[in-house]
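Residue-level listing of the chains:
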Amino acid sequence: MDKENYISLKQVTVGYGSCPVLKDVSFTLNSGELVCLLGANGKGKSTLLKTIMGILPSISGEILLKGKVLDSISAEEKAKDLAVVLTDSLRDVNMKAKDVVSTGRYPYLSWNAKLSKEDQAIIEDSLSKVGALEYVDRWMPSLSDGERQRVILARALAQETDILLLDEPTAFLDLAHTMELSVLLKNLSREEGKSIIMSTHDWATAMQIADRIFWIDENSQFHILETHALRNGDKMNDMLNSPFGKWNAEKGRFEININDF
Amino acid sequence: MTLFLVVIFIADIFLGSVNIPLSDFFEYLKGNGWSHPSYNAIIFQYRIPKALTACFAGSALAVSGLLMQSFFRNPLAGPYVLGISSGASLGVALLLLFFSGSFLLSVPLAACIGSLLVLIIMIWASKRFRSSVSLLILGLMISYLTGALVGVLQYFSKSEEIQSFVLWGLGSFAKTQWIDLQIMLPVLVLGLVFAYSRSKALNSLLLGESYAQSLGVSIKSIRREILYLVGILVAWVTAYCGPIAFVGMAVPHLVRLWVEESDHKITIPLVALTGACIALLCDMIAQAPGFDVVLPINSITSLFGAPFVIYYLLKKNRLG
């Protein structure tokens, strides 16, 4: 499969109003790439994602989506290229799971939102991919955090976009569900050629699934790192910068310094 | 539901302080005329316009409530909460208490000016406030503010003026005549149809503004549309019937208890129908069949609406 350039940022500064949170971000993301966005809280991970989503205007710089300037694309067109999973857990949303997933089809529907047979099939397919078929008729508030997260992901999949942006999708998940989601995302990028950016605090998962890691350091500098280069270097420990644990390059895992206590 | 509406509509026409037997109506349909000459006037000049007013006012208020609850993602939202009803009240208070005069269409106009003023403030605020919660709080504050202003106005007014304002404030479906209906109904019908046409965007909004935006909904324009729509619907109803509490807030909940649906394509028509039925029922109770008095509509809707909303919240909390 030929690599296609899906997202490209040139010297982008993001923030609220005129108050910049993160400056001079530049990167390109191709089809089939899975990137994890890491960095401490408040360093601008969500802000950057929201800006690429077009929910927040950028302060300066240029964002291209499939070669087109983000601001020049209509909201309807963008919705066919880019789907999102936000940090909002949708806990209090008074909708059934299947209705939440149905909204994923809305960019393709006219004003009356009538679902065709094909739409129904896509919705069912999305639900089955995340293993949420059994609770289609349940109400969102009655689902557990993990179940709800699957529904939210199915909603994004139903949008059938080439690009997926996920803001801390594993935040509410236990280890088993985190691994399940990781496998699913990896498959989506590998087999369906989707471009995926996922913000997370979970370094261990990121090291295993990401092709590249975007890292925002304490000084709000944006770094692009090749995951395989991190695995064997000391760079990882510099980045981690914690007295409580370190990266074991031989074993390829993080180790907590239990003996120090 | 539609059948139920028709039954209530007919019952509402025939019940009242002057009891008109149904059999008389069938005689009239056969061309035999009424058994009492005044019945004709009571039915056509009073009861039918009143029933129609109740129907459409109920629908409009209930749909306004639904739109606001979806827009703010808050089950407590309603036309009262955004301060639109209060704005209308202030307009009417200024007219009746300050200028102490009323001419044709003056009350509706004053109400519209009042509610539109609040609306303009809300639209202005909606551009500046990111969160809907701030907007909701602003609406509450405006309600208090206008309430206080109305209180001050009343303090400085003559008692006759206060009486006419208080009468308006009690609410009634009976003040509209055919000529009023000709102005009122088209606006309300257009508003309801427009609300229905925005079902898709409203469904997306249930997920929150960010998700709606990611689905291609323009938040700015849907926000403006909903505010204008709610503002106009509520202003028109308030102008002609006085402020009517709880229909807007309670009817969407009533529908939710009864059908498990969140799709606005289904809920908007249901809420409109239920709103019409509830308004007619309240009107029937208000005219207290068998007695010579007519109770104020606003008291009836509050008497039934407030306990219902409390019941709903308790039930919801137990489930949640």
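This text follows the structure it describes.
Owing to the predicted nature of the structure, the values given are computational and were not obtained by experimental measurement.

How should the overall build of chain A be read in this particular structure?
For chain A, the count of helices and strands is 9 helices and 12 strands. By its C-alpha atoms, chain A is 60 × 40 × 40 Å across when sized along the principal axes. The proportion of buried residues among the 261 residues of chain A is 40%. Long-range pairs, those at least 24 residues apart, make up 66% of the contacts in chain A with a sequence separation of at least 6.

Just checking my understanding: could you explain the nonpolar core for this structure?
Core analysis: the biggest nonpolar cluster contains 157 residues, and Leu-165 of chain A together with Ala-57, Val-63, Val-92, Val-230 and Val-237 of chain B have the highest contact counts within it. Ignoring any residue separated from it by four or fewer positions in sequence, one finds Val-63 of chain B in contact with Leu-192, Ala-195, Ile-268, Val-271, Ala-272 and Gly-275 of chain B.

What exactly am I supposed to notice about helix α3 (residues 37-72) of chain B here?
All names here are of chain B. The first and last C-alpha atoms of α3 sit 52 Å apart over 36 residues, in line with the 52 Å expected at 1.5 Å per residue. Taking the largest bend as the criterion, α3 deviates by roughly 40 degrees, centred on Ile-43. Arg-73, located one to two residues past α3, shows a positive phi value of around 50 degrees.

How do you make sense of the pairing of strand β6 (residues 82-85) of chain A when you look at a structure like this?
Moving residue by residue along a regular strand, the side chains alternate between the two faces of the sheet. Residues and elements named next belong to chain A. Neither face of β6 is open: one carries Leu-82 and Val-84, the other Ala-83 and Val-85, and all of them are buried. As defined by bridge partners, β6 adjoins strand β7 (residues 163-167) across 4 bridges and the pair is classed as parallel. For Leu-82, the partnering residue across the bridge sits in β7 and is Ile-163.

How should the interface of chain B and chain A be read in this particular structure?
For an interface, size is often stated in terms of accessible area lost upon the parts coming together. Chain B puts 19 residues into the contact, and the matching count from chain A is 24 residues. Counting residues per element, the ones that place at least two in the side of chain B that touches chain A are α9 (199-205) and α10 (209-214) of chain B. For the side of chain B that touches chain A, the class distribution of residues is 4 nonpolar, 12 polar and 3 charged.

What is the right way to read the sheet that holds strand β10 (residues 222-226) of chain A from this model?
In sheet architecture, strand pairing relies on hydrogen bonds along the backbone and comes in two forms, parallel and antiparallel. Residues and elements named next belong to chain A. With respect to topology, 6 strands assemble into an open sheet ordered β6-β7-β8-β3-β9-β10, the strand pairing being mixed. In this open sheet, the two strands that pair with only one neighbour each are β6 and β10. For this sheet, the mean inter-axis angle between neighbouring strands, taken without regard to orientation, is 15 degrees. This element, helix α1 (residues 45-53), spans β3 (34-39), β6, β7, β8 (195-199) and β9 (212-216) of the sheet and lies at about 150 degrees to β7.

What is the right way to look at the environment of Ala-250 of chain B in this model?
With respect to the secondary-structure elements, Ala-250 of chain B resides in helix α12 (residues 247-258). Spatially, the C-alpha atoms of Ala-250 of chain B and Ile-310 of chain B are 9.8 Å apart, while their sequence positions differ by 60 residues.

Even after reading the chapter, I still don't get the environment of Ser-126 of chain B, so can you show me in this structure?
Residue and element names in this part refer to chain B. Tracing the chain through its elements places Ser-126 in helix α5 (residues 106-128). In sequence terms Ser-126 and Glu-160 are 34 residues apart; their C-alpha atoms lie 39 Å from each other. In this structure, Ser-126 is in contact with Leu-135, Arg-223 and Leu-227, ignoring residues within four places of it in sequence.

What is the right way to look at the pairing of β9 of chain A in this model?
All names here are of chain A. β9 sits mainly inside the fold: 4 of its 5 residues count as buried. The pairing of β3 with β9 spans 5 bridges and is classified as parallel. Its bridge partner lying in β9, Gly-39 is registered against Ile-216. The pairing of β9 with β10 spans 5 bridges and is classified as antiparallel.

I tried to follow unusual backbone geometry on my own but got confused; where do I start?
Comment: phi is negative for the bulk of residues other than glycine, and the bulk of peptide bonds are trans. Residues and elements named next belong to chain A. One non-glycine residue, Gln-11, lies in positive phi territory at about 50 degrees. As for its position among the elements, Gln-11 is in strand β1 (residues 5-16). What makes Gln-11 exposed here is the crowd of 11 C-beta atoms within 10 Å. Positioned with a positive phi, Asp-24 is a non-glycine residue whose angle comes to about 50 degrees. Position of Asp-24 relative to the elements: it lies in strand β2 (residues 19-30). Since 15 C-beta atoms lie within 10 Å of it, Asp-24 is described here as partly exposed.

So what exactly am I meant to see when it comes to the packing of α3 of chain B against helix α8 (residues 178-197) of chain B here?
Any two packed helices are characterised by how steeply their axes cross, that is the angle between the axes, and by the distance between the axes. Residues and elements named next belong to chain B. At their nearest, the axes of α3 and α8 sit 10 Å apart, and the two run at 30 degrees to each other. Judged on the interaxial angle alone, α8 and α3 are roughly parallel. At the point where α3 passes α8, the crossing takes the left-handed sense. For the pair formed by α3 and α8, the contact residues are Pro-49, Leu-52, Thr-53, Phe-56, Ser-59, Ala-60, Val-63 and Leu-67 on the first element and Trp-178, Leu-181, Leu-185, Leu-188, Gly-191, Leu-192 and Ala-195 on the second.

Help me out: how do you make sense of the sheet that holds β2 of chain A in this one?
All names here are of chain A. Taken together, the 4 strands give an open sheet; going across it, the order is β2-β1-β4-β5, and neighbouring strands pair in antiparallel fashion. In the strand order of this sheet, the two ends are held by β2 and β5 (68-69), each with one partner. As paired elements, β1 and strand β4 (residues 60-65) share 5 bridges and run antiparallel to each other. Bridging across to β4, Ser-8 finds its partner in Leu-64. Most of the contacts of α1 go to β1, to which it runs at about 125 degrees, and overall it touches β1, β2 and β4.

The rules behind the values
- Residues numbered from 1 in each chain as written.
- Chains lettered and ligands numbered in written order.
- Predicted model: local features only at pLDDT ≥ 70, side-chain atom pairs only at ≥ 80, totals over all residues.
- Helix = DSSP H or I, 4+ residues; strand = E, 2+ residues; numbered from the N terminus.
- Buried ≥ 20, exposed ≤ 12 C-beta atoms within 10 Å, placed from the backbone.
- Contact = placed C-beta atoms within 7 Å.
- Core = buried A, V, L, I, M, F, W, Y, C linked by C-beta atoms within 7 Å.
- Expected span 1.5 Å × (residues − 1).
- Bend = angle between axes of the 7 residues up to and from the residue.
- Pairing = 2+ DSSP bridges.
- Nonpolar A, V, L, I, M, F, W, Y, C, P; charged D, E, K, R; others polar.
- Axes fitted to C-alpha atoms, helices over the stretch in contact; angles between N-to-C directions.
- Parallel < 35°, antiparallel > 145°, perpendicular 65-115°, else oblique.
- Left-handed = near helix turned anticlockwise from the far one by under 90°.

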